[in-house]
Amino acid sequence: MIVFKKSAILIGILSVFSVANADLPKQFDYNKASTNYVDNTSNSANSVANPYYFGGTIGGAQASSYCSGATNCEDTDTAWKVFGGYKFTDKLSAEGSYMNLGDVYKNGENSDVSAFSAHGVGTLPVSEQFDVFAKVGATRWNSDNTVGSESGFGASYGVGAKMNINETTKLRAEWERVLDVETSPTDSTDINMLSIGVELSTF
C-alpha cells in the first residue's frame, strides 16, 4: 500500500513536470508578420487597364497674324488630325499626332500647312464622366507654298476636355497652337486649331 502511494505521488510529480515543460502555443509575432507582408494594392491602384489609345478630330485652323495689313487674304480653313498615345498613369500620357492645318491665302499666294507633333499630356478628372487635359511639346511643320516649300520645328501646346462614352470610347474637344510656322520665305505666323473627335482605347 505504501509502495502504491509512493508510486502515485511520483507519477503525479512527473505529470506536473511534463505539463510544465510541454510546448505551449507561442505568442503571435506581429513585427515579423508585418515584415513579411507584401502590399499589392499600390500597383493595382496605379495600373492602367487600356494604356494605348488612338483617334481623330476635325475642325478649323486659323493663322493668327497672317492677314495683318493685308486686304486680299484668307487665314482660316478646315483642319483635321489623327493621333495616338500611351498612358503611363491615368494622369500622364505621351502623345503623337499628324495635323493637316489647311490652306491660307494672301495676295495671290497660298500655303498648305501640315505638321507632326509630340506632346506630354497631363489629365485631371473632373467627374466620373469628364476629364480635362493640357499638353505641351514640339511640332515639325511643313509649308508647301506658291514659291517653294518651308519646314522647321516649333513649340506647341493645347488644352481640351474628354467625355467618357464607355470604357474604351471618349468624345474629345481641344484647342491647340503651333508657334512660328513659316508660310513663305518672308512670313511666319502662329496657327490655332479647334477640333472635336473621338478617342479609342482597345488594347
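Before reading further, recall that the structure is shown in the block above.
Notes on the structure follow. One numbering rule holds for all chains: residues counted from 1, following each sequence as written. At least 70 in pLDDT is required for a residue's local features to be given in this predicted model, at least 80 for side-chain atom pairs to be given and counted, and no such filter applies to totals for whole chains, interfaces and linings, which use all residues. Processing note: side-chain calculations cover all non-hydrogen atoms of the structure and skip hydrogens and water entirely.

So, on to unusual backbone geometry. Residues apart from glycine generally show negative phi values, whereas peptide bonds are mostly found in trans. The backbone of N107 shows a phi angle near 50°, a positive value even though the residue is not glycine. Helix and strand labels come from DSSP, where a helix needs a run of H or I of at least four residues and a strand needs a run of E of at least two; each type is numbered from the N terminus. Take N107: it is sitting in the loop between β4 (92-106) and β5 (109-125). Accessibility here uses a 1.4 Å probe with only protein chains present; expressed as a share of the type maximum, an area under 20% marks a residue as buried, one over 50% as exposed, and anything in between as partly exposed. Taking the relative accessible area as the measure of exposure, N107 reaches 54% and is therefore exposed.

To count as a disulfide, a pair of cysteine sulfur atoms needs to be within 2.5 Å. Considering all chains together, one arrives at one disulfide under this definition. The disulfide that involves C67 links it to C73, with 1.9 Å between the sulfurs. What sets the handedness of the C67 and C73 disulfide is the S-S torsion sign, and at about -80° it is left-handed.

Patch membership requires over 30% relative accessible area and the absence of a salt bridge. Like charges are linked within 9 Å, and nonpolar side chains (Val, Leu, Ile, Met, Phe, Trp, Tyr) within 5 Å. Method for areas: the Shrake-Rupley scheme with a 1.4 Å probe, in which residue coverage is limited to the protein chains shown. Each reported salt bridge corresponds to a side-chain nitrogen of Lys or Arg within 4 Å of a carboxyl oxygen of Asp or Glu. Counting rule applied: Lys, Arg positive; Asp, Glu negative; His and chain ends not counted. Here the site of a charge means NZ on Lys, CZ on Arg, CG on Asp, or CD on Glu. A surface patch of negative charge is lined by E74, D77, D103, D112 and D144. Within the secondary structure layout, D144 lies in strand β6 (residues 130-145). Taking relative accessible area as the criterion, D144 reaches 40% and is therefore assigned partly exposed.

Stacked, tilted and edge-to-face pairs are distinguished by plane angle, under 30 degrees for stacked and over 60 for edge-to-face with tilted covering the rest, among Phe, Tyr and Trp rings (Trp via its six-membered ring) whose centres lie within 6.5 Å. What the rule picks out here adds up to six aromatic pairs. Where Y98 meets F116, the ring centres are 5.0 Å apart and the plane angle is 55°; that geometry is what we call tilted. Within this pair, whereas Y98 is found in strand β4, its partner F116 is found in strand β5, the two being separated by 18 residues in sequence. Exposure remark for F116: the relative accessible area of 53% places this residue in the exposed category.

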